[in-house]
Amino acid sequence: MQQTKIIDASLEVDDRLKLFGVTKAELFQIAHKVVMARNGVVSIDPVTASGQFAYIYGTRALREVFMRRGWEIDRSENIEAVYNKETGIKIIYQSADKASNQNQVPRAISDKGAGSKRMVASGQFDLEMFLEPKENPASITPKVWYFFVAVNGSDVCAELSRPGTIENHQFKDFVERIFIIKSGEWDPINPINIVSDNNDIDTEEFEINVSRK
């Protein structure tokens, strides 16, 4: 098992997030929208509604934040994600049982399929040494990251992490974990306790196509 790089100190987290072009406050906003979506579930909804709402609104919020930075929608392997052509980084929203816990790796609420396993595995290979200088390795071997949000009662945790392998339909180990919200840091009354430099995301700036399947 490979050694996992864990980043949890505030200044280190802020510095590492420069790779993605986002702030900790913006990632807080994603988690906030997930919690709000879950809280919108009522007794007459299907029993799976809270998980479905978390995934839908989590993915939407993820895209709202990253598409403002030039990222694009990616649906490779039928997995909803955002992708940056320049850096070759792909990010997927994932609800989990735990997050930002050094003693436990996040366990996905829903089992991961063969597509996720292939996507994570292929991102572990570094092909730069085999390519001509003019070729862009980012478009060939995307590095896959997940934004995990774990909601346990009034405690909410989140991390942005790059898994190493998926086995038996779950994440086995990680290359790197960036702790965004640790246990006890979530304020249920005022969840967004870090002020962003940007206004709230407006989905109207994106062109949304609606079609029947």
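Quick look at the structure, then. (Residues numbered from 1 in each chain as written. Predicted model: local features only at pLDDT ≥ 70, side-chain atom pairs only at ≥ 80, totals over all residues. Heavy atoms only, no water.)

Let's shift gears to the side chain of Gln-94. Within the secondary structure layout, Gln-94 lies in strand β4 (residues 89–96). You can call Gln-94 buried: its relative accessible area is 5%. Filtering out sequence-adjacent residues up to four positions away, Gln-94 remains in contact with Ala-108, Ile-109, Ser-110, Lys-112, Tyr-146, Phe-147, Phe-148, Val-149 and Phe-171. (Helix = DSSP H or I, 4+ residues; strand = E, 2+ residues; numbered from the N terminus. Buried < 20%, exposed > 50% of the residue type's maximum accessible area, 1.4 Å probe, protein only. Contact = heavy atoms within 4.5 Å.)

What follows concerns a nonpolar patch on the surface. Residues Tyr-55, Ile-56 and Tyr-57 make up a contiguous nonpolar surface patch of roughly 280 Å² in combined accessible area. Among the structural elements, Tyr-55 can be located in helix α3 (residues 49–67). (Patch = residues over 30% accessible without salt bridge, like charges linked within 9 Å, V, L, I, M, F, W, Y side chains within 5 Å. Areas by Shrake-Rupley, 256 points an atom, 1.4 Å probe, with all protein chains shown as cover. Salt bridge = Lys/Arg side-chain N within 4 Å of Asp/Glu carboxyl O.)

Before going further, it helps to spend a moment on unusual backbone geometry. At Asn-78, a position not held by glycine, the phi torsion is positive, near 60°. Within the secondary structure, Asn-78 is located in the loop between β2 (72–74) and β3 (81–84). Look at Asn-78 and you get exposed, because its relative accessible area is 76%. With phi around 55°, Ser-100 is a residue other than glycine that occupies positive phi space. Relative to the assigned elements, Ser-100 resides in the loop between β4 and α4 (114–122).

A few words on α4. Listing the buried residues of α4 in full gives Gly-115, Ser-116, Met-119 and Val-120. Taken end-on, α4 shows its buried residues confined to a sector of 125°, consistent with a single buried face. Contacts from the buried residues of α4 go to β4, β5 (143–152) and β6 (155–167). (Arc of directions from axis to C-beta.)

What follows covers the side chain of Lys-90. Locating Lys-90 in the fold gives a position in strand β4. By relative accessible area, which is 4% here, Lys-90 ends up buried. Within the structure, Lys-90 has its side chain in polar contact with the side chain of Asp-74 (distance 3.0 Å). The contacts of Lys-90, once residues within four sequence positions are left out, are Asp-74, Ser-76, Ala-81, Val-82, Tyr-83, Met-119, Pro-142, Lys-143, Val-144 and Trp-145. (Polar contact = N/O pair within 3.5 Å; in protein donor to acceptor, adjacent residues only side chain to side chain.)

Enumeration according to the criterion identifies 11 salt bridges in this entry. The partner of Glu-26 in a salt bridge is Arg-69, with the nearest N and O atoms 2.5 Å apart. One end of the pair, Glu-26, is in helix α2 (residues 24–39); the other, Arg-69, is in the loop between α3 and β2, and 43 residues separate them in sequence. The buried category is assigned to Glu-26, whose relative accessible area is 1%.

Take the packing of aromatic side chains next. By convention here, two paired aromatic rings are described through the distance between centres and the angle between planes. As enumerated under the stated definition, the model contains nine aromatic pairs in all. Geometrically, the ring pair formed by Phe-171 and Phe-174 is tilted, given 5.8 Å between the ring centres and 35° between the ring planes. With respect to burial, Phe-171 and Phe-174 carry one shared label: buried. Taken together, the ring pairs in this structure connect Tyr-146, Phe-148, Phe-171 and Phe-174 into an aromatic cluster. For the cation-ring pair, Lys-90 lies above Tyr-83, with the distance from its terminal atom to the ring centre recorded as 5.9 Å. The ring of Phe-174 carries the charged tip of Arg-177 above its face, separated from the ring centre by 5.8 Å. (Phe/Tyr/Trp six-rings, centres within 6.5 Å; stacked < 30°, edge-to-face > 60°. Lys NZ or Arg CZ within 6 Å of the ring centre and 35° of its normal.)

Membership of the largest hydrophobic core comes to 31 residues, with the highest contact counts inside it found for Phe-20, Phe-66, Ile-91, Phe-147 and Ile-180. Of all elements in the fold, only α2, α3, β4, β5, β6 and β7 (170–181) reach the threshold of two or more residues within this core. If sequence neighbours within four positions are ignored, Phe-20 has contacts with Phe-66, Trp-71, Ile-89, Ile-91, Trp-145, Leu-160 and Ile-178. In this structure, Ala-99, Ala-108, Ala-150 and Cys-157 belong to the second largest nonpolar core, which totals 16 residues. (Core = buried A, V, L, I, M, F, W, Y, C linked by side-chain atoms within 4.5 Å.)

Strand order in the open sheet formed by seven strands is β1-β7-β6-β5-β4-β3-β2, and the pairing between neighbours is mixed. Because the sheet does not close on itself, it has two edges, and the strands there are β1 (5–7) and β2. Looking at each pair of strands side by side, their axes are set apart by 30° on average, direction ignored. Relative to β6, β5 runs antiparallel, the two being bridged by seven bridges. Following the sheet pairing, Ala-150 is matched in β6 by Cys-157. Those strands touched by α2 are β4, β5, β6 and β7, and its axis lies near 50° from that of β5. Running at roughly 150° to β4, α3 makes contact with β2, β3, β4 and β5 of the sheet. (Pairing = 2+ DSSP bridges. Axes fitted to C-alpha atoms, helices over the stretch in contact; angles between N-to-C directions.)

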